[in-house]
Amino acid sequence: MQQLSEQELIRRDSLQKLRELGIEPYPAQEFKVTAYSQEILDKFTPESTEFINVTLAGRIMSRRIMGKASFCELQDSYGRIQLYINRDEICPGEDKTLYNDVFKRLLDIGDFIGVTGYVFITQVGEISVHVSSFTVLSKSLRPLPIVKEKDGVIYDAFTDPEQRYRQRYVDLVVNPEVKQVFLQRTKIINTMRNFFNEKNYVEVETPILQPIPGGASARPFITHHNALNIPLYLRIANELYLKRLIVGGFEGVYEFAKDFRNEGMDRTHNPEFTVMEIYVAYKDYNWMMDFTEEMIERVALALHGKTQVQVGDNIIDFKRPFKRITMYDAIKEHTGVDISNMNEAELRTTCDKLGIHHEPSMGKGKLIDEIFGETCEASYIQPTFIIDYPVEMSPLCKKHRNNPNLTERFELMVNGKELCNAYSELNDPIDQYERFKEQLELSAKGDDEAMFIDHDFVRALEYGMPPTSGMGIGIDRLCMFMTNSPSIQDVLFFPQMKPEIKSHKDDIEVYTSAGIPQEWAEVLQTMGYVKYAALTEIKYTKVHQELCGYNKKHKLDLVNPKPEDVKLWLQQ
RNA sequence: GAUUCCGUAGCUCAGCAGGUAGAGCACAUCACUUUUAAUGAUGGGGUCCUGGGUUCGAAUCCCAGCGGAAUCACCA
């Protein structure tokens, strides 16, 4: 156990004292709440009789104690409301313990309490709850960061990103705007879900542990199943499973899925992330573009009541219809080069001319992708569908109805980033098998992200899959846009972090169990001997002298140990 | 992976011509019956990220490491 700070010790002492007074700091029974802070603040008027007897529960977030009366702020799940607590009303009799000791001394900021009382307006005009009784619901043993606010200015904000992400619970308690982002995230997802359900598409669940990680190009996480003695992969996509369900006869299926990719982390990438994929039979990618527009516009309206959304320095308008441009046209527009009829060698020359890095392992598809990514991607701020991708970079996508070198694919670009990816799905099993084999060749050339062949998926297609259009959308990115969050970590409750470094300090028990008295063990640690094992390598006379010296210098008034005592301490 | 910046009290931060470690909030004690960043008084609290080096002396200067942030590169 780490050494406790003064404030933590005081809180543990308060916990003990509460118990001595017969107050259970962690009661088990239900506490019935009849009102919430926001509701009261919204609805209360001096004439109203609605709130003459309310019961609320929440955390104490601030206290202003003024002798026989006190104010404090109670924070429940909706917000904060001020409480007014009067000594003689809490303690009508002679015994004022409940106010003087329990409320004033033994309770702290961060504790959960329940209160009953009536709502009124103070002289300064703040709607408050006049408390007639309170109940301790849970004692907090660690001090929360104290954030104060006046006239919209925040003082002593809790801002350290590492602490905010590692201890998101604290972040949520003291930074109310953080909670809003996550409530909006839920609203985004619910809006989409309602949209799909209205159309009778079916929400499904498919395997996260997959024997073949298919449906996308990415390095997977690998794990091992002991009973079967086989490797399993955490899914990088769920596409192939959802299409199997279309084969099975569902007309529309969708899944909000956690996918996993074993790649770098930055402001827009987290190793696990959420994707919504939807597949609808008898549709094509043109239909899917209309559908996607409608869905995204609806999300913007649900969240903001309008289609314009501030994202960084830009205002992005999600009003339908979005601009549509083919990939080749986009490249021509930005570079002046028409690559539509180029072979691999010509593409490499073009890359060289444009100063774009390329490697021998890159096939035609990757080269085109690279050119697009370097020259075009960043310029699409307003929602834009990039359509008709070259066949080499889309092995699961149906060939274009007018041009066999292209596929019926679109990506939706927003703020220079990919948001959606969609196809007229490839349902020709023979073509699909050929495309998988081409991926194998890429793999042989050294492309470690090329897809594996999924023979069962091909088998499913052989039974027949209706013409289908599918779309995937990055939910985390969508949330970043919709909530104007610059980092993916701001829209994930618990973003992936490097493991927290463990204290490199021995527990104090390691010292005491070697026979060292507690007070000297603490001295040794503050002197820098944080590992007992390291201590035993030092000559006991030196340690003895240093201990006595420290005792004198810091006026600890401890009785100095004898050299033989120290010798014994170090001999364990 | 590269560059830059950062790491001091529970929180936010100051201190860096090297010379006994500071403020505000929080905490503790006292006063105060409608305050609101409540107020007034008093007080406690720190391996100054870790390890090495320079020095009589390092929070401060140098080196290395750890952790974090930003930008870039790589990666869907």
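Residues numbered from 1 in each chain as written. Chains lettered and ligands numbered in written order. Predicted model: local features only at pLDDT ≥ 70, side-chain atom pairs only at ≥ 80, totals over all residues. Heavy atoms only, no water.

J.: How do you make sense of the overall build of chain A when you look at a structure like this?
T.: A tally of helices and strands in chain A yields 20 helices and 20 strands. Partitioning the intrachain contacts of chain A with sequence separation of at least 6 by distance along the chain shows that 63% fall at a separation of at least 24. Within the structure as shown, chain A displays about 29,500 Å² of accessible surface, and the carbon and sulfur contribution to it stands at 51%. (Helix = DSSP H or I, 4+ residues; strand = E, 2+ residues; numbered from the N terminus. Contact = heavy atoms within 4.5 Å. Areas by Shrake-Rupley, 256 points an atom, 1.4 Å probe, with all protein chains shown as cover.)

J.: Before we go on, may I ask you to explain the confidence of the model for chain A in this structure?
T.: Low-pLDDT stretches of the model should not have their predicted coordinates read in fine detail. Confidence along chain A averages 87 in pLDDT terms, with 90% of residues attaining 70 or more. The complex prediction reports pTM at 0.85, with the ipTM value standing at 0.85. (pLDDT = per-residue confidence, 0-100.)

J.: How do you make sense of the protein's contact with RNA strand B when you look at a structure like this?
T.: As a structural note, the neighbourhood of RNA strand B is formed by 49 residues, with Gln-82, Gln-123, Arg-261, Glu-418 and Glu-449 the closest of them. Counting only atoms of RNA strand B within 4 Å of the protein, the fraction found in sugar and phosphate groups is 55%. One of the backbone N or O atoms of Gly-67 is found 3.1 Å from a base nitrogen in RNA strand B. The separation between a phosphate oxygen of RNA strand B and a polar side-chain atom of Lys-148 is 2.6 Å. At the level of elements, helix 1 (6-20), strand 1 (54-66), strand 2 (69-76), strand 3 (79-86), strand 6 (148-150) and helix 5 (161-166) are the ones that each hand at least two residues to the surface near RNA strand B. (Near = heavy atom within 4 Å. Polar contact = N/O pair within 3.5 Å; in protein donor to acceptor, adjacent residues only side chain to side chain.)

J.: Explain the sheet that holds strand 5 (residues 127-138) to me, please; I cannot follow it from the model alone.
T.: Note: strands within a sheet are paired through backbone hydrogen bonds, in either parallel or antiparallel orientation. Overall, mixed pairing links the five strands, which are arranged 1-2-3-5-4 in a closed barrel. Between one strand axis and the next, the sheet turns through 50 degrees on average, direction left out of account. Pairing of strand 4 (residues 112-121) with strand 5 involves ten bridges; the strand directions are antiparallel. Counterpart to Tyr-118 in the pairing with strand 5 is His-130. (Pairing = 2+ DSSP bridges. Axes fitted to C-alpha atoms, helices over the stretch in contact; angles between N-to-C directions.)

J.: What is the right way to read the sheet that holds strand 11 (residues 230-234) from this model?
T.: Strand order in the open sheet formed by three strands is 9-11-10, and the pairing between neighbours is antiparallel. Edge positions in the sheet fall to strand 9 (209-210) and strand 10 (222-225), since each has one partner strand and no second.

J.: In this structure, what is going on with the layout of surface pockets? I would like to understand it.
T.: With a probe scaled to a water molecule rolled over the atoms, the places where space remains empty come into view. Its boundaries defined by the atoms lining it, the second largest pocket holds a volume of some 980 Å³. For the lining of the second largest pocket, the secondary-structure elements that each account for two or more residues are strand 1, strand 2, strand 3, strand 6, helix 6 (168-174) and helix 7 (176-198). Counted by class, the lining of the second largest pocket contains 13 nonpolar, six polar and 13 charged residues. (1 Å grid on protein atoms, 1.4 Å probe; cavity = no way out; pocket = protein on both sides within 12 Å on 5 of 7 lines; lining within 4 Å. Points joined across faces, edges and corners; volume = space filled by probe spheres on them. Nonpolar A, V, L, I, M, F, W, Y, C, P; charged D, E, K, R; others polar.)

J.: Could you clarify how one ought to interpret a nonpolar patch on the surface in this entry?
T.: Together, Val-33, Tyr-36 and Tyr-78 line one region of the surface with nonpolar side chains, adding up to about 290 Å² of accessible area. Looking at the secondary structure, you find Val-33 in the loop between helix 1 and helix 2 (37-43). On the basis of relative accessible area, Val-33 is assigned to the partly exposed category, the value being 32%. (Patch = residues over 30% accessible without salt bridge, like charges linked within 9 Å, V, L, I, M, F, W, Y side chains within 5 Å. Salt bridge = Lys/Arg side-chain N within 4 Å of Asp/Glu carboxyl O. Buried < 20%, exposed > 50% of the residue type's maximum accessible area, 1.4 Å probe, protein only.)

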